[in-house]
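Fold and contact review
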Amino acid sequence: MRLAGLTLLAIIALTAVGCQQRSAPSAPPTAEVDHAAAGHRAFEQRDWGTAASHYRVAILKSPDDVLLHYRLAIASSWLDRRDEAMTEFEWVVAHAAVTSDEARVARDWLAGARSRSAARAGAAVADTAVRDERIGDSGVHGRVVWDEGQGTQPLKRAQIHLYAVEDDGTSKRMSFHVRSDREGYYKFEKIPAGTYKMTDDNVGAPKWRLKVVLRPGEDALIELGPDNSLKTRDDFPKSS
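Bear in mind the structure is a predicted one, so any value in this text is a computation, not a measurement.

**Focus: the pairing of strand E4 (residues 159–165)**
The element E4 is extensively covered by neighbouring structure, given that five of its seven residues are classed as buried. Relative to strand E5 (residues 171–179), E4 runs antiparallel, the two being bridged by six bridges. Bridging from a neighbouring strand, His161 pairs with His177 of E5. Sheet topology note: the E4/strand E7 (residues 194–199) ladder contains five bridges and is antiparallel. Residue Leu162 lies in a different strand from E7, and its bridge partner there is Met198.

Written as structure tokens, this is what we have:
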């Protein structure tokens, strides 16, 4: 019995050793990523997206590193992330040595960005001013009729033009265009007060060529028909 007991203990011991040998070894600790170095490698390869991602993390650990901010600014500018690039370049100007290349490049980039912004803002203002010149509180409405040999009938889809002119008839390079509806009715809305030439055709032979003077806020009624056509009235006889 003593021998059997010793044998059993030996078997249990060997089994325990075998289990320990078969257990998976513990994984080594994961090495911490050096985001600054990874960012620099990506930067040298012009992989701007990867570089920027690493630099953002690296700056959290080294917030006073000028090179990290400078290179993040450059990567962001290549990625068209204008706001981020501007923020980082402004940081570089504030913290880098005034005579350093980083500060010089940052100042140049910011000056160019602000110049482009001012140019865009000026163009937008100018465009708004041009649009505003074409907006007013006056209008013209009426009906277009003509006698094609079967009695006076409404002209459907007739194109009517208003050309802004000076008092002497010279062009002001502003015009408005509408078409009559199925019943011959037309309407100009929200146009500036002033003097206009109203006509239906400035290329071929028009039926009407009338001078229209609109006061501010006026919605003038002008019927177009045989009675005020070129056969009886021409307010711009020198026009082609």
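**Details of the pairing of E7**
Among the six residues of E7, five are classified as buried, and the element is accordingly described as predominantly covered. Looking at chain direction, E7 and strand E8 (residues 209–214) are connected through six bridges and run antiparallel. Paired with Thr199 across the two strands is Arg209, which belongs to E8.

**A few points about the sheet that holds strand E6 (residues 185–191)**
Across the sheet, which stays open at both edges, the three strands sit in the order E6-E1-E9 with mixed pairing between neighbours. Of all strands in the sheet, those bounded by a partner on one side alone are E6 and strand E9 (219–221). The sheet shows a mean angle of 10° between the axes of neighbouring strands, direction not considered. One ladder, built from three bridges, connects strand E1 (residues 138–143) with E9; its direction is parallel. Paired with His141 across the strands is Leu221, a residue of E9.

**Structural notes on the packing of aromatic side chains**
One pass over the full model with this rule turns up eight aromatic pairs. For Lys197, the ring lying beneath its charged end belongs to Phe236, and the centroid distance is 5.7 Å. Between Lys207 and the ring centre of Trp146, over which it is positioned, the NZ or CZ distance is 5.6 Å.

**Digging into the side chain of His54**
Tracing the sequence through the fold places His54 in helix H3 (residues 48–61). Accessibility expressed as a relative area gives 19% for His54, which makes it buried.

**Considerations on the sheet that holds E5**
Pairing is antiparallel across the open sheet formed by four strands, whose spatial order is E5-E4-E7-E8. Single-partner strands in this sheet number two, and they are E5 and E8. Averaged over all pairs of adjacent strands, the angle between their axes in this sheet comes to 25°, without regard to strand direction.

**Considerations on unusual backbone geometry**
At Asp80, a position not held by glycine, the phi torsion is positive, near 60°. One non-glycine residue, Arg157, lies in positive phi territory at about 60°. The residue Arg157 is located in the loop between strand E3 (152–154) and E4 in this model.

**A short note on the pattern of salt bridges**
Scanning all chains against the criterion turns up 11 salt bridges. Across the salt bridge formed by Glu44 and Arg71, the nearest N and O atoms sit 3.0 Å from each other. Placement of the pair is Glu44 in helix H2 (residues 35–44) and Arg71 in helix H4 (residues 66–78), with a sequence separation of 27 residues. Classification of Arg71 as buried rests on a relative accessible area of 15%. A salt bridge links Arg56 to Glu84, with the shortest nitrogen-to-oxygen separation between them at 2.8 Å. Residue Arg56 is found in helix H3, and its partner Glu84 is found in helix H5 (residues 82–95); the two are separated by 28 residues along the sequence. By relative accessible area, Arg56 is classed as partly exposed at 29%. When its relative accessible area of 17% is taken as the criterion, Glu84 is described as buried. It is possible to trace a salt-bridge network through shared partners that takes in Arg56, Arg81 and Glu84.

What counts as what
- Residues numbered from 1 in each chain as written.
- Predicted model: local features only at pLDDT ≥ 70, side-chain atom pairs only at ≥ 80, totals over all residues.
- Heavy atoms only, no water.
- Buried < 20%, exposed > 50% of the residue type's maximum accessible area, 1.4 Å probe, protein only.
- Helix = DSSP H or I, 4+ residues; strand = E, 2+ residues; numbered from the N terminus.
- Pairing = 2+ DSSP bridges.
- Axes fitted to C-alpha atoms, helices over the stretch in contact; angles between N-to-C directions.
- Phe/Tyr/Trp six-rings, centres within 6.5 Å; stacked < 30°, edge-to-face > 60°.
- Lys NZ or Arg CZ within 6 Å of the ring centre and 35° of its normal.
- Salt bridge = Lys/Arg side-chain N within 4 Å of Asp/Glu carboxyl O.

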